[in-house]
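Reading the structure
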Amino acid sequence: MKKVIQKMSLVVFLLSTTLISACTQSLGAVESTQTASIAAQGPVDAKEIEAFADPLFAEKMKEYNVAGSSFVVVRDGKVIVNKGYGFADKEKKIPVDKDTVFQIASVSKTFTALAAMQQVDAGKIDLHGNIEEYLGGLKIPNNTGKPVTMYDLLTYAPGFAFPDETTFTGPQYIGQDIPMDKFLSKHTPVIIRPPGEAYTYDNTGFLLAGYAVEKASGIPFAQYMDEKVFKPLGMNSTSVRLKPELMKRMAANYDLNGEPRPLEGHAPTDGPQGSIISTAEDMAKYMIMQLQNGKFDGKEIVSEKSMELMHTHQIFADKDIPITTVGFENYFPEYANGQHVVLKGGNMPGHSSLMVLIPEHKTGFFMSYNNDTMVSADIYKEFMDHYFPETEKKAEPVYLPLSEADAQKYFGLYQNTRAYWTRTSITYENGSLVLEGKENGKQKLRMIRPLLFVDEAGEKVAFKEDKNGNIKYFYHTTPKGISLVADSQKMEMEKTYSDVPNTSSYKTHINNLSAFSIMGAKSESKFDPTGTMTQGEFADALIKAEGHYVMAGSEDGLRQQLAAGIPNLNPSAPITRQVAAAMIQNLKQLEPVSTSKVTLQDNADAWAKDAITALVSQGIVDPDTKVNADGSFNFRSKDLLKRQEASALLDLAFGYYSLPIKR
């Protein structure tokens with residue numbers, strides 16, 4: 001599953017080439033004249049495909065530290081190549097082959113969409129009807145007044161506040177049997193955005209879609225998939241569950257360092273959002289059915305009308321930036337080379353997959369590998385450039401002038417609708433919008449046309465207006481799809497607190513935290529800037545500021561982490577400045593900036609000194625703490641923390657800024 005966790009940075013390591021049973025010729029070795037001929041026909045010759053793929057997988061698996069990978073190509077209803085590279089289990093020297101079982105993770109979502117469309121075909125589910133009619137009495141909390149539909153769920157636009165609240169994975173779930181109805185009765189997040197309004201990659205939506213299939217059909221989900229999808233396709237090594245006979249052929253799971261990691265299961269046990277396991281052999285059959293408009297071996301698995309919805313983009317960031325179909329995505333638009341492509345990727349800890357379909361050429365490829373890097377993005381790009389190269393050189397865009405007056409409507413703070421820790425500021429400078437965020441730094445945006453801009457790396461930023469013409473969201477196409485696969489929402493800024501004057505050096509920090517609902521009014525319209533906080537109140541605000549609390553199971557771990565090494569914590573006790581600094585540093589884990597020599601001069605306790613020094617050297621310091629020219633400063637470590645001071649520290653530590661901050 002596309003599970004975002006704190007250790008989400010993609011770290012590249014090297015893997016010995018002896019682990020990869022592939023040719024060693026360099027990329028691009030095929031003659032240019034031959035390449036032109038190949039491009040005209042696409043991937044049709046097995047020997048040529050292997051000559052292309054073998055050195056590519058050798059290079060990329062080494063670069064991304066991948067132990068083993070499957071790779072299957074289908075064309076015109078036939079399997080052209082189906083082979084494995086490297087090891088399913090490098091300790092036991094077991095090679096990957098076409099029958100190696102992998103967790104395909106979120107590629108499962110396409111199967112759930114297929115099952116849902118079967119029920120639509122059968123007249124048991126109205127694609128555009130209130131989904132609650134098919135949930136066996138389960139009610140979805142909804143603050144919008146607009147019912148959510150199966151269409152909203154399958155196009156990644158149901159509007160849930162916490163779309164990953166139901167993403168529970170871990171070794172402890174293997175061997176358990178946790179039914180969907182029991183699980184959903186405790187874990188159904190609230191809908192806070194009108195369904196269909198914003199794109200947000202959503203695990204919960206597909207869990208509910210699978211649950212609706214179960215209730216509408218009267219057949220348990222895993223059994224339904226076996227009977228209605230896997231068996232008709234001859235997918236005998238595919239299952240929603242971790243069946244013992246399939247686990248014997250399962251590839252080992254590895255972390256980014258190449259070390260073995262435990263297999264993880266799902267809660268609920270049947271995971272329509274990501275629990276399917278399969279092989280390259282079986283996935284070839286699935287792709288052939290997809291590319292034959294829902295038919296396989298003379299049988300109709302799903303109607304052509306439904307398949308058209310699965311292959312036609314439904315949600316767009318801009319008319320030239322398609323995002324989702326019913327069940328599929330297209331989060332690598334820069335790799336399409338003018339082709340109509342639908343794809344779906346998936347990641348579980350230690351396993352990843354990617355399925356790519358090019359319907360107009362009846363071509364597809366699938367790969368699974370045993371770590372959770374984005375090597376698949378590189379393979380996809382190389383595949384498209386080799387077999388479906390850009391035939392027309394794109395004209396350089398003509399950028400339009402942007403006045404400060406016209407830019408005003410874009411200004412503000414934005415928060416990713418999936419990854420709440422991703423916040424962005426948009427301002428204006430010398431004819432361009434300025435986007436600033438921790439992930440992408442500070443970049444100028446040039447306007448192609450109103451609502452569509454391009455950043456300094458050539459990536460598009462598309463804005464969306466509400467019915468009144470006010471900017472409400474933007475979508476940023478970033479390299480390799482690392483856009484956190486969601487729109488970012490413009491936050492409502494708190495204009496005034498009656499007790500925070502416009503001249504206050506804390507006003508911006510207070511307003512920023514109010515916008516993100518991290519800290520707000522203490523009573524009515526008053527913020528109480530000089531009031532104190534308890535340790536528990538600050539911890540609550542810190543968890544919200546850090547942002548990862550939106551991921552299922554993350555909050556407990558974050559609370560344990562922020563308390564590490566701090567003696568005598570008591571949630572009801574007033575919090576001192578040194579305790580607050582230690583809590584922040586426990587989550588930030590910052591190194592002192594070597595070019596910013598700072599010296600703490602007060603009587604902070606020994607357990608807090610390093611934390612305080614690290615934060616201050618990074619510029620994470622409230623306006624009333626002055627760093628002298630020689631780097632010395634008094635942090636007032638044992639004073640009680642004021643609410644306005646908390647707002648400054650949290651805003652600077654977890655706002656939209658790029659660290660280190662230099663003042």
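Residues numbered from 1 in each chain as written. Predicted model: local features only at pLDDT ≥ 70, side-chain atom pairs only at ≥ 80, totals over all residues. Heavy atoms only, no water.

Let us look at the overall build of the protein chain. Scanning the protein chain from N- to C-terminus turns up 18 helices and 26 strands. On C-alpha atoms alone, the protein chain measures out to a radius of gyration of 26 Å, which is about the 26 Å that the 2.2 N^0.38 rule sets for 663 residues. With the C-alpha coordinates of the protein chain rotated into their principal frame, the extents come out at 75 × 60 × 55 Å. When each of the 663 residues of the protein chain is scored for burial, the buried share is 58%. Long-range contacts, defined as pairs at least 24 residues apart, comprise 69% of the intrachain contacts of the protein chain with a sequence gap of at least 6. Of the roughly 26600 Å² that the protein chain leaves accessible, carbon and sulfur atoms contribute 49%. One way to put it: in the protein chain the 69 positive side-chain charges average out to a point 1 Å from where the 80 negative ones average out. (Helix = DSSP H or I, 4+ residues; strand = E, 2+ residues; numbered from the N terminus. Rg over C-alpha atoms; globule rule 2.2 N^0.38 Å. Buried < 20%, exposed > 50% of the residue type's maximum accessible area, 1.4 Å probe, protein only. Contact = heavy atoms within 4.5 Å. Areas by Shrake-Rupley, 256 points an atom, 1.4 Å probe, with all protein chains shown as cover. Lys, Arg positive; Asp, Glu negative; His and termini not counted. Charge placed at Lys NZ, Arg CZ, Asp CG, Glu CD.)

A few words on the packing of aromatic side chains. As enumerated under the stated definition, the model contains 24 aromatic pairs in all. A centroid spacing of 6.4 Å and a plane angle of 70 degrees characterise the contact between tyrosine 156 and tyrosine 199, whose relative ring orientation is edge-to-face. Linking tyrosine 156 in the loop between helix H4 (150–154) and strand E5 (168–170) with tyrosine 199 in the loop between helix H5 (180–184) and helix H6 (203–217), this pair joins segments that are 43 residues apart in sequence. Classification of tyrosine 156 as buried rests on a relative accessible area of 0%. Take tyrosine 199: its relative accessible area is 1%, and that puts it in the buried class. Each member of the aromatic cluster is reached from another via a ring pair, and the members are Phe52, Phe57, Phe71, Tyr85, Phe365, Phe383 and Tyr387. The lysine or arginine in question, lysine 109, covers the ring of phenylalanine 206, its NZ or CZ lying 5.9 Å from the ring centre. Sitting over the ring of phenylalanine 635, arginine 577 keeps its end group 4.3 Å from the ring centre. (Phe/Tyr/Trp six-rings, centres within 6.5 Å; stacked < 30°, edge-to-face > 60°. Lys NZ or Arg CZ within 6 Å of the ring centre and 35° of its normal.)

Turning our eyes to something else, we now look at the sheet that holds strand E14 (residues 342–348). Within the open sheet, the 6 strands sit side by side as E3-E2-E1-E16-E15-E14. Their pairing is antiparallel. The open sheet has two edge strands, strand E3 (94–95) and E14, and neither has a second partner. With 7 bridges connecting them, E14 and strand E15 (residues 351–358) associate as antiparallel partners. When the bridges of E15 are listed, lysine 344 appears paired with methionine 355. Along the sheet, helix H2 (residues 46–63) contacts strand E1 (68–75), strand E2 (78–89) and strand E16 (363–369); its crossing angle with E2, the most-contacted strand, is approximately 25 degrees. (Pairing = 2+ DSSP bridges. Axes fitted to C-alpha atoms, helices over the stretch in contact; angles between N-to-C directions.)

Looking now at empty space enclosed by the protein. Inspection of the entire model under this criterion finds 1 cavity of 30 Å³ or more. Of the pockets and cavities examined, the largest cavity occupies roughly 40 Å³. Lining the largest cavity are Tyr331, Gly345, Gly346, Asn347, Ser352, Ser353, Leu354, Tyr369, Met374 and Ser376. Within the residue set of the lining of the largest cavity, elements represented by two or more residues are E14 and E15. (1 Å grid on protein atoms, 1.4 Å probe; cavity = no way out; pocket = protein on both sides within 12 Å on 5 of 7 lines; lining within 4 Å. Points joined across faces, edges and corners; volume = space filled by probe spheres on them.)

A few words now on the pattern of salt bridges. In the structure shown here, the tally under the stated rule is 32 salt bridges. For lysine 472, the salt bridge goes to glutamate 197, with nearest N and O atoms at 3.1 Å. Of the two residues, lysine 472 is situated in strand E23 (residues 471–476) and glutamate 197 in the loop between H5 and H6; the sequence distance between them amounts to 275 residues. Of the residues examined, lysine 472 reaches a relative accessible area of 25% and is grouped as partly exposed. Residues joined in a network through salt bridges with shared partners are Asp318, Lys319, Asp320 and Arg449. (Salt bridge = Lys/Arg side-chain N within 4 Å of Asp/Glu carboxyl O.)

Residues Phe111, Met150, Phe365 and Tyr380 are the most contacted members of the largest nonpolar core, which totals 115 residues. Of the residues forming this core, the biggest block, 8 residues, is contributed by helix H9 (residues 280–291). Ignoring anything within four residues of it in the chain, the contact list for tyrosine 380 reads Asn330, Phe332, Tyr335, Ala336, Val341, Leu343, Leu354, Val356 and Phe365. Counting 53 residues, the second largest nonpolar core, distinct from the first, contains Ile543, Ala545, Met583 and Ala653. (Core = buried A, V, L, I, M, F, W, Y, C linked by side-chain atoms within 4.5 Å.)

A word on the layout of surface pockets. Counted as a void, the second largest pocket has a volume near 880 Å³. As for the second largest pocket, its lining consists of 28 residues, and the residues nearest its centre are Asp320, Pro333, Glu334, Lys394 and Lys460. Among the elements of the structure, strand E13 (321–324), strand E20 (441–449) and strand E21 (452–454) are those that each provide at least two residues to the lining of the second largest pocket. In terms of residue class, the lining of the second largest pocket is built from 11 nonpolar, 8 polar and 9 charged. (Nonpolar A, V, L, I, M, F, W, Y, C, P; charged D, E, K, R; others polar.)

As a further point, take the sheet that holds E23. Strand order in this closed barrel of 8 strands is E17-E18-E19-E20-E21-E22-E23-E24, and the pairing throughout is antiparallel. Averaged over all pairs of adjacent strands, the angle between their axes in this sheet comes to 30 degrees, without regard to strand direction. Alignment of strand E17 (residues 412–416) against strand E24 (residues 488–490), held across 3 bridges, turns out to be antiparallel. Each residue of the ladder has a partner; that of glutamine 415, found in E24, is glutamine 489.

What follows covers the pairing of E15. With 8 of its 8 residues buried, E15 lies for the most part within the structure. The alternating pattern of E15 places His351, Ser353, Met355 and Leu357 and Ser352, Leu354, Val356 and Ile358 on opposite faces, both of which are buried. Hairpin remark: E14 followed by E15, antiparallel, with 2 residues in the connecting loop; positive phi at glycine 350, about 95 degrees. Here E15 runs beside E16; their pairing, made up of 7 bridges, is antiparallel. For serine 353, the partnering residue across the bridge sits in E16 and is serine 368. In sequence, E15 turns back onto E16 through a hairpin of 4 residues, with lysine 362 there showing a positive phi of about 50 degrees.

This part is about helix H3 (residues 108–121). Taking 1.5 Å as the rise per residue, H3 with 14 residues should run 20 Å; its terminal C-alpha atoms sit 20 Å apart, in good agreement. Most of H3 is tucked away, with 12 of its 14 residues classed as buried. Those residues of H3 not exposed but buried are Ser108, Lys109, Thr110, Phe111, Thr112, Ala113, Leu114, Ala115, Ala116, Met117, Gln118 and Gln119. Of the residues trailing H3, glycine 123 is marked for its positive phi of about 80 degrees. (Expected span 1.5 Å × (residues − 1).)

This part is about the environment of arginine 636. Tracing the backbone through its elements, the reader meets arginine 636 in the loop between strand E26 (632–633) and helix H18 (643–654). Taking relative accessible area as the criterion, arginine 636 reaches 22% and is therefore assigned partly exposed. Along the primary structure arginine 636 and glycine 338 are separated by 298 residues, whereas in three dimensions their C-alpha atoms are 60 Å apart. Not counting residues within four places of it along the chain, the set of residues in contact with arginine 636 comprises Arg577, Asp602, Asp622, Asp624, Thr625 and Glu645. Of the polar contacts made by the side chain of arginine 636, one reaches the side chain of aspartate 622; its length is 3.3 Å. (Polar contact = N/O pair within 3.5 Å; in protein donor to acceptor, adjacent residues only side chain to side chain.)

At their nearest, the axes of helix H16 (residues 577–588) and H18 sit 11 Å apart, and the two run at 15 degrees to each other. As judged from the angle between their axes, H16 and H18 are roughly parallel. When the axes of H16 and H18 are compared, the crossing they make is right-handed. Along the contact surface, H16 presents Arg577, Ile584, Leu587 and Lys588, while H18 presents Glu645, Leu649, Leu650, Ala653 and Phe654. (Parallel < 35°, antiparallel > 145°, perpendicular 65-115°, else oblique. Left-handed = near helix turned anticlockwise from the far one by under 90°.)

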